[in-house]
Each structure stands twice: as structure tokens, then as C-alpha cells.
Amino acid sequence: LQRIILDTDPGIDDALAFFLALASPDDIKLEAVTTVSGNVGVEETTPNALALLTLAGRTDIPVARGCSLPLVREQVKADYYHGHNGLGDVARPATTMQVVAQHAAQLIIEKVMQAPGEITLVPIGPLTNIAMALRLEPRIAQNVREVVIMGGALRVPGNTTPTAEFNIYADPHAAQIVFQAGWPIRLVSLDVTEITCLRPQDFAELTASGGPVKSFIRAMIDFHLRKPRPANEVPLFQMHDPLCLATVFQPGLITWQPVYADVELNGTHTLGETVAYFKADEAPGAPNIQAPVAVDSARFIKLFMERVGKA
Ligand code: BDR
Ligand code: CA
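Residues numbered from 1 in each chain as written. Chains lettered and ligands numbered in written order. Predicted model: local features only at pLDDT ≥ 70, side-chain atom pairs only at ≥ 80, totals over all residues.

Draft legend 1. Molecular detail of the overall build of the protein. Helices and strands together make up the secondary structure of the protein, namely 13 helices and 11 strands. What you see for the protein is a C-alpha radius of gyration of 18 Å, in line with the 19 Å of a compact globule of 311 residues. In terms of overall dimensions, the protein has a C-alpha envelope of 55 × 50 × 35 Å along the principal axes. With 311 residues in all, the protein has 50% of them scored as buried. In the protein, 83% of the contacts between residues at least 6 apart in sequence involve partners at least 24 apart. (Helix = DSSP H or I, 4+ residues; strand = E, 2+ residues; numbered from the N terminus. Rg over C-alpha atoms; globule rule 2.2 N^0.38 Å. Buried ≥ 20, exposed ≤ 12 C-beta atoms within 10 Å, placed from the backbone. Contact = placed C-beta atoms within 7 Å.)

Laid out in C-alpha cells, this is it:
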């Protein structure tokens, strides 16, 4: 059983990661959720997190609000993709749940330091809160179990600029702090998430019957399917954040290679590019991340359909 903190900017695929985590009680203990600005601002992602937990009947899980702005750069959003409220503009389910008093970075520090070697951080949004936590309490680097990040594009183009993936682009300075913290990182990058998709018929099958969680998924995916796209484009849904979550407890879904990687902060056209040295003899440093080199997408899709199918 992996004890995790989900650091998130919900987000349609973030929401699917929530539902997978909550549908996996034998594998995942969701200790806390921390929110951050990313896909939309933290003033939206925080009520989104509360609403998602309420929808799934898990109002017992603490939610802490995190950073509203990136460390250095100006804010960028992905509301063109996730809708103005972050959840495909589907009405947020009502909730009376409240955030805890602590800041996200403080809650992360408290949980990690209280249980040395036990807590896995799972950031599926920009890395602002994680970098803040490292700066406030650097010893979390020695006390975390692992950091499993959705972010980056190592050997494929970016999805936000030609070279940068959204979560890294949205706060590249935070990402660099996190990459260079000397703690165990697995990076679930676009290289594997972009090719791990649910098809419209999968969502139709998944949501054909069931309760409020399924109806909510259906409505979010309808938003995705309605978006204008080129006539020949199949509306696949890329499972970035849920794949990341699944590899926490099934690392074998991905084949990993230790590499040295860093985040570009000075490029003219390449801010937020994740540069990985797959050839060890070229690397300026020792490996600091586990990079994905292959993924068993079919096995992941089966797992997701089975587990969230029961929701
Ligand atoms: C990442 O960016 C966000 O839009 C998604 O939620 C995911 O975390 C993919 O690049
Ligand atoms: Ca996300």
C-alpha cells in the first residue's frame, strides 16, 4: 500500500487520476490532496479538488490550497483545453467540505517528516508547491519515499510549445528545483502519456451505467469531444495524469532508464524544455531521474477501465 500526496491542478485528466486513486484502495492510500495553479487558477482548482472528493464520497481526505502563481515566470493556463472551471465547464458538484488551514507546502512537509521513507509525492500539475516545500524544509528530500511526476517531454515534442510540456512550462524554475533536489524521481513524461489514450468508445463503455462519478466523467468527456478539431483527427483522450498515478503502484507499466535531466531556463525558444541525457557519457551529471523508455498502454487502459468501471 503506497501512501501518497496528490499535488494537482484539476483538470479533466487530473480528475480521472483522483477517481483511479480512490478506486484502488488496496494499492493507494490518499493521505492528502494539495492544489496548485496550472490548468486554471488555484481559486478554481481548489474547489474542484473538494468537489471531486465529495463526489467520490471521500470528504475525509484533507485538502490544502497551494500556490496561486509560479515562482518566477508569469502565469500560463490551459483553460482552452480543460474549460474555464478546469473540469470541462461541467457544473462543480456541491460540497460543504473545507480546506485545511495549512498551506499545501506546509502540509507536504508535515506529512513527509512525520513518516520518514513512507510518503510518495505525486505531482500532476506545475511543481510550484513541491519546490516551495523543498525550500522551506530541504530535509524532505531525504525523507520522502519517492516523487512520481507527470511532466516533461524528453524525446518527443512539447504540447505547449514546440519543446515544452505544460506542467514544466507553467513553472520551469520550480521544476528545476525539484529535478535537482537529489531525491528519487520517476518522470512520467509525454513520451509515454501521449500514446496512452482512451477512445470515445472506451468512455461510452465506461459510463454506460453507474453513479455520479460516471456521469461526471461522461460530462467532462463530452466537453472534450465537442471541441473543434480537424476533420480527420480522432478525438483520443490522453491519459497523462491517470497513467502517472497508476505507475506509483504498478511501476512495471513503464520501462525505466536512469538518466541525467535538467530544465531549460535560458533558451530563446525553449523555456521549460526537459533535456535528458540518454547517453551517459555525454551527461554533465549522475542520473537524477528515472525516464520512461516504453509503456504497456493496453495494460494500463484495462486497469483503468476495470477499476473506475466499478465506481
Ligand atoms: C499535463 O498538463 C495538464 O494540462 C494535464 O492535466 C497534465 O497534467 C499534460 O501536459
Ligand atoms: Ca494535471
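Draft legend 2. Here's a closer look at the nonpolar core. In this structure, F19, V122 and V178 are the most contacted members of the largest nonpolar core, which totals 98 residues. Per-element accounting of this core gives the leading share, nine residues, to helix 1 (residues 12-22). Beyond its immediate stretch of four places on either side in the chain, F19 contacts A56, V213, V308 and A311. (Core = buried A, V, L, I, M, F, W, Y, C linked by C-beta atoms within 7 Å.)

Draft legend 3. The site of ligand 1, seen in detail. Taken together, 14 residues surround ligand 1, and among them G11, D13, A78, F166 and H240 come closest. For the shell around ligand 1, the elements supplying multiple residues, two or more each, are helix 1, helix 7 (166-170) and helix 12 (240-249). Taken together, the residues of the shell around ligand 1 break down into four nonpolar, six polar and four charged. (Near = placed C-beta within 6 Å. Nonpolar A, V, L, I, M, F, W, Y, C, P; charged D, E, K, R; others polar.)

Draft legend 4. Here's a closer look at helix 8 (residues 172-179). Counting buried residues along helix 8, seven of its eight residues qualify, which places the element largely inside the surrounding structure. All of the buried residues along helix 8 are P172, A174, A175, Q176, I177, V178 and F179.

Draft legend 5. A look at the UniProt feature "domain: Inosine/uridine-preferring nucleoside hydrolase" (unreviewed entry) in the protein. UniProt records the feature "domain: Inosine/uridine-preferring nucleoside hydrolase" (unreviewed entry) at residues 4-301, using the numbering of this structure. Secondary structure content for residues 4-301 is 36% helix and 18% strand, and the end C-alpha separation is 22 Å. (UniProt positions renumbered as here; feature names shortened; annotations may be inferred.)

Draft legend 6. Region of the structure containing the pairing of strand 10 (residues 274-277). What you see with strand 10 is a clean split: T274 and A276 sit on the buried side and V275 and Y277 on the side with no burial. As judged from the four bridges shared by strand 9 (residues 254-263) and strand 10, these two strands associate in the antiparallel manner. In the strand pairing of strand 10, D262 is matched with V275. (Pairing = 2+ DSSP bridges.)

Draft legend 7. Structural view of unusual backbone geometry. Cis peptide bonds are those with omega within 30 degrees of zero, and the linkage from P10 to G11 qualifies with -10 degrees. With respect to the helices and strands, G11 occurs in the loop between strand 1 (2-8) and helix 1.

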